Amino acid sequence: MTDCITMIKYQGLGNDYLVLDPNKNRVQLQGKKIALMCQRGFGLGADGVLYGPVDINGKMGVHIYNSDGSEAAISGNGVCIFAKYLLDHEYVKEKKFEIKTLSGSIEVECLNSRATEFRVNMGKASFLSREIPVTGEVREVINEDFTFNNKDYKATCLTIGNPHCIIFMDEVSEKAARELGPYVENADEFPERMNLQICRKIDTGNLDIEIWERGSGYTKASGTGSCAAAMAAYKLGLTENRININQPGGMIQIDIHEDGTIYMTGSVGYVADMSVAESFFS
Ligand SMILES: N[C@H](CCC[C@H](N)C(=O)O)C(=O)O
């Protein structure tokens with residue numbers, strides 16, 4: 001029997017990823033193969049692929065891919081899932097360690113013995129247009145007028161290492177996210193495309209969000225999306241600095257520190273070891 005390729009599926013509040021470890025499989029990853037693997041009809045079904053551990057600037061790191069095969073600099077749920085993988089497979093033994101991503105070194109802390117709860121230092125956000133990026137003169141993109149699909153919206157945009165557009169609405173639903181998401185993701189104002197979170201304030205400690213991810217479409221949860229929604233609400237003076245972000249897959253707690261550092265607390269679960277057909281890689 002030919003060497004089978006194993007991928008391990010995990011999920012973070014229903015935001016599911018396949019981990020492909022190059023130390024355990026001799027494979028070459030290409031974008032279109034990732035997209036095929038992630039398909040829920042012809043493939044294994046996932047919101048993305050985590051390829052690692054690999055060496056990134058001399059540190060243990062992970063490459064993060066969306067289900068369309070595009071590479072993302074950061075994923076909050078992805079980092080929590082990869083941290084669990086590293087602990088489950090004894091790449092690390094400490095409870096606190098760093099994972100290198102294209103957006104930098106991310107400090108993670110495992111909060112329980114089953115390695116299902118993690119606290120992640122997601123760094124600081126920036127609302128600066130040239131960093132997100134958003135076209136036009138350099139400014140902070142706060143409560144700005146945009147037109148998507150011929151409708152007018154007020155949006156706040158920021159980067160958490162990946163770009164996010166936050167729109168507060170009275171109706172936050174899967175339907176609304178699916179309708180608006182593709183227009184925001186691919187708007188001309190966003191040269192590197194865009195993740196969308198539509199939000200409703202419940203009170204100064206709770207937001208409801210629905211998500212349309214750049215490169216993955218509708219998902220049940222988003223770590224960076226939760227950080228972005230919380231940071232936008234806090235910047236707009238709508239919330240305290242500890243905010244529960246309620247989303248279809250569950251709740252992610254966000255803490256914003258005095259210096260602007262954002263911490264997220266997320267939960268992840270192991271789903272399955274999968275033996276994958278060679279045809280996905282040939
Ligand atoms: N689709 C995102 C990356 C994954 C974000 C989300 N799954 C998370 O948990 O942060 C992007 O292209 O920037």
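This section reports on the structure supplied with the text. (Residues numbered from 1 in each chain as written. Predicted model: local features only at pLDDT ≥ 70, side-chain atom pairs only at ≥ 80, totals over all residues. Heavy atoms only, no water.)

1. Quick word on helix α2 (residues 76-88)
And step 1. Under the 1.5 Å per step criterion, the end-to-end length of α2 is 19 Å for 13 residues, consistent within 8% with the ideal 18 Å.
And step 2. Taken across its 13 residues, α2 has 12 buried, putting it largely inside the fold.
And step 3. Along α2, the positions that sit buried rather than exposed are G76, N77, G78, V79, C80, I81, F82, A83, K84, Y85, L86 and L87.
And step 4. Where α2 starts, the residue carrying a side-chain oxygen 2.9 Å from the main-chain nitrogen of G78 turns out to be S75.
And step 5. E90 occupies a position one or two residues after α2 and carries a positive phi of about 55°. (Helix = DSSP H or I, 4+ residues; strand = E, 2+ residues; numbered from the N terminus. Expected span 1.5 Å × (residues − 1). Buried < 20%, exposed > 50% of the residue type's maximum accessible area, 1.4 Å probe, protein only. Polar contact = N/O pair within 3.5 Å; in protein donor to acceptor, adjacent residues only side chain to side chain.)

2. Comments concerning the side chain of S173
And step 1. In this fold, S173 is placed in the loop between β11 (163-168) and α3 (174-185).
And step 2. There is a polar contact of 2.7 Å between the side chain of S173 and the side chain of E171.
And step 3. Separated by 2.9 Å, the side chain of S173 and the backbone nitrogen of A176 make a polar contact.
And step 4. Beyond its immediate chain neighbours, meaning those up to four positions away, S173 contacts I198 and E210. (Contact = heavy atoms within 4.5 Å.)

3. A few points about the packing of aromatic side chains
And step 1. A complete count under the given rule lists 8 aromatic pairs for this structure.
And step 2. Ring plane angle 25° and centroid distance 6.0 Å describe the contact between F82 and Y85, whose orientation is recorded as stacked. Taken together, the residues span about one helical turn, with F82 and Y85 both in helix α2 at a distance of 3 residues. With respect to burial, F82 and Y85 carry one shared label: buried.
And step 3. Between F148 and Y153, the ring centres sit 6.0 Å apart and the planes meet at 35°, which makes this aromatic pair tilted. Judged on exposure class, the residue F148 and its partner Y153 are both buried.
And step 4. Members of the aromatic cluster, each reached through a chain of ring pairs, are Y10, F82, Y85, Y91 and Y270.
And step 5. If you follow R119 out to its NZ or CZ, it ends over the ring of Y263, 4.2 Å from the centre. (Phe/Tyr/Trp six-rings, centres within 6.5 Å; stacked < 30°, edge-to-face > 60°. Lys NZ or Arg CZ within 6 Å of the ring centre and 35° of its normal.)

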